[in-house]
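Working through the structure, step by step
The primary structure of each chain is shown beneath.
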Amino acid sequence: MIKILFYDTKEYDKKLFEEYNKEYNYDITYLETKLNKETAPLAKGYDAVCIFVNDIADKETLDILNECGVKLIVLRCAGFNNVDIQNLPENMKVVRVPGYSPYAVAEHAVALLLSLDRKIYKAYQRTKKYNFTLNGLLGFDIHGKTIGVIGTGKIGKVFINIMKGFGTEVLAYDIYRDEQYAKENEFRYVDLDELYEKSDIISLHCPLTKDNENMINKAAISKMKQGVVIINTSRGKLINSDDLIEELGKGKIGGLGLDVFDDEEDFFLNDMSNSYYRNTELSVLLTMPNVVITAHQAFFTQEALNQIGKISMQNIKEFFETGNCENFVN
Ligand code: NAI
């Protein structure tokens, strides 16, 4: 029987995979701990490990998994920046769920934007206290604004369509342009500088790669409009937090909506409210009045979870039955 070790699992993961495993009957063990070089030896005797966004599969960890006999790494997510693909042992494969619900993530990006713009997070706290004043809650119409979208893959495209529905002009940047889609959906591809200069709102929908780490840094922000709203539901390391905090402090950034953070591994998806362990940059960002942070929640809809469960199990079956898989990363 195929043995699979799940790392970084919460109650909802267990519930989901127990349901989808009914069809397959794999021998699954669920661990709460994350994958890293210290926890990799636990995989001894397992055929596959299943991991999530904040598990670390660097070279050292991959080598240990290889020694343990692991043949397959099953990412139950789309992004694979946490796996060192360049240093993958020869007989090890990585599968992922390339698109489980672009709607979940794109809609969450819109939720962050609307929350920031219309100060829903402030209004919620006020009305709870029976304070019904409007001072400080002034927003702006999204209609008529220019939206810059970086990355026009599955999620970026859904986000563009929603934004077009608001009556906005969309400028997009991608290393591979889908000109046909742009024509059909009435948006324009531009270079990054033009996108930075002209956008009122910028939303990131590209993967994290070696080339774009820290792409939103001091130099990039200096090209943006005064009061620009930045939304990041992609990966934290696309933004340089120090530069961001400096520019927020100067009032250059009008609003910041984050679902990801560059050092999120120790914090996001965990209850740290009773811990003294803090991240300085994250703590500073949380004190800012125009910043809304959610903890890697964008994927978290029932529809997306169902797809994650279904496709992950299909990936495992395909690999162990045929040695192949349409969702190989490598
Ligand atoms: P996708 O692969 O369909 O699209 C990514 C697009 O980004 C492609 O068109 C690609 O050409 C483009 N791209 C690649 N490198 C680029 C660069 N340096 N600059 C500009 N564009 C670049 O991926 P999808 O499904 O749209 O997901 C995008 C990202 O969203 C994922 O890589 C992941 O990091 C993030 N994500 C976040 C989730 C969350 O819960 N917060 C959940 C799922 C994905």
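Residues numbered from 1 in each chain as written. Predicted model: local features only at pLDDT ≥ 70, side-chain atom pairs only at ≥ 80, totals over all residues. Heavy atoms only, no water.

Focus on the pattern of salt bridges
In plain terms, the rule: By definition here, a salt bridge exists when the distance from a side-chain nitrogen of Lys or Arg to a carboxyl oxygen of Asp or Glu is within 4 Å. For every residue, the accessible area obtained with a 1.4 Å probe (protein chains only) is divided by the maximum for its type, and the residue is called buried under 20%, exposed over 50%, and partly exposed between those limits. Runs of H or I in DSSP of at least four residues are treated as helices and runs of E of at least two as strands, each being numbered from the N terminus.
Evaluation of the coordinates by the stated rule reveals 16 salt bridges. Ionic pairing is found between Asp8 and Lys10, a salt bridge with its closest N-O pair at 3.7 Å. The pair formed by Asp8 and Lys10 is uniform in burial state, with each residue classed as buried. Glu321 serves as the salt-bridge partner of Lys317, at 3.3 Å between the closest nitrogen and oxygen. In this pair, Lys317 and Glu321 are both assigned in helix 11 (residues 302-322), 4 residues apart and thus about one turn of the helix distant. Here Glu321 falls in the exposed class, since its relative accessible area comes to 58%. Here the salt bridges do not stand alone but share partners, grouping Lys218, Glu246, Glu247 and Lys250 into one network.

Overview of helix 9 (residues 241-249)
Our working definition: Under this definition, polar contacts are N or O atom pairs within 3.5 Å; protein pairs additionally need one hydrogen-donor-capable and one acceptor-capable atom, and for neighbouring residues in sequence, both atoms have to be side-chain atoms.
Turning to helix 9, its buried residues are Ser241, Asp243, Leu244, Ile245, Glu247 and Leu248. One side-chain oxygen at the N-terminal end of helix 9 lies 3.0 Å from the backbone nitrogen of Asp242; it belongs to Asn240. Of the residues trailing helix 9, Gly251 is marked for its positive phi of about 85 degrees.

Focus: the site of the ligand
So the rule is basically this: Neighbouring residues are identified by heavy atoms, a residue being near a molecule or strand if any of them is within 4 Å of it. Computed by Shrake-Rupley with a 1.4 Å probe, the accessible areas treat only the displayed protein chains as cover when residues are assessed. Classification convention: Asp, Glu, Lys, Arg as charged; Ala, Val, Leu, Ile, Met, Phe, Trp, Tyr, Cys, Pro as nonpolar; all other residues, Gly among them, as polar.
Neighbouring the ligand are 23 residues; Tyr100, Lys154, Ile155, Asp174 and Thr233 lie closest to it. One of the side-chain nitrogen or oxygen atoms of Arg235 is found 3.4 Å away from an oxygen atom of the ligand. In isolation the ligand has 870 Å² of accessible area, and contact with the protein removes 87% of it. Class assignment of the residues belonging to the shell around the ligand gives a composition of 11 nonpolar, 8 polar and 4 charged.

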